[in-house]
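Report on the structure
Listed here are the chains, written in short residue letters.
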Amino acid sequence: MKELLRTNDPTMIAFATVLLEGEGIATFPLDVHMSILDGNLGILPRRLMVADRDHFRAAAILRDNDIPVDP
């Protein structure tokens, strides 16, 4: 698994997930429940992971939709 996206914005994670799953790319969100530790302030970023084989194509899809991709 490779990290594709890291953000504090939960709507961006949801949007990216829908885009990628619409293209047949499975995603795995990490750190979804970390808001319990920061008191729901949203200061801890969430990560979106994809399989190694899908990373290049997933990054291209997100860039095409103006979503910044972590290198």
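A brief look at the structure comes next.

About the cut-offs
- Residues numbered from 1 in each chain as written.
- Predicted model: local features only at pLDDT ≥ 70, side-chain atom pairs only at ≥ 80, totals over all residues.
- Heavy atoms only, no water.
- Axes fitted to C-alpha atoms, helices over the stretch in contact; angles between N-to-C directions.
- Helix = DSSP H or I, 4+ residues; strand = E, 2+ residues; numbered from the N terminus.
- Parallel < 35°, antiparallel > 145°, perpendicular 65-115°, else oblique.
- Left-handed = near helix turned anticlockwise from the far one by under 90°.
- Contact = heavy atoms within 4.5 Å.
- Nonpolar A, V, L, I, M, F, W, Y, C, P; charged D, E, K, R; others polar.
- Pairing = 2+ DSSP bridges.

**Overview of the packing of helix α1 (residues 10-22) against helix α2 (residues 55-64)**
- At a minimum axis distance of 10 Å, the contact between α1 and α2 shows a crossing angle of 120°. Taken together, the axes of α1 and α2 lie oblique to each other. Judged by the twist between their axes, the crossing of α1 over α2 is right-handed. Contacts between α1 and α2 pair Ala16, Leu19 and Leu20 from the former with Ala58, Ile61 and Leu62 from the latter.
- Here the contact of α1 with α2 is composed, by residue class, of 6 nonpolar, no polar and no charged.

**Section: the sheet that holds strand β3 (residues 46-50)**
- The antiparallel open sheet is built from 3 strands, whose spatial order is β1-β3-β2. Unpaired on one side and paired on the other, β1 (2-7) and β2 (27-30) mark the two borders of the sheet. Between one strand axis and the next, the sheet turns by 25° as a mean value, whatever way the strands run.
- With 5 bridges joining them, β1 and β3 adopt antiparallel strand pairing. The partner of threonine 7 across the bridge, within β3, is arginine 46.
- Across the sheet, α1 touches β1, β2 and β3, and the angle it forms with β3 is around 10°.

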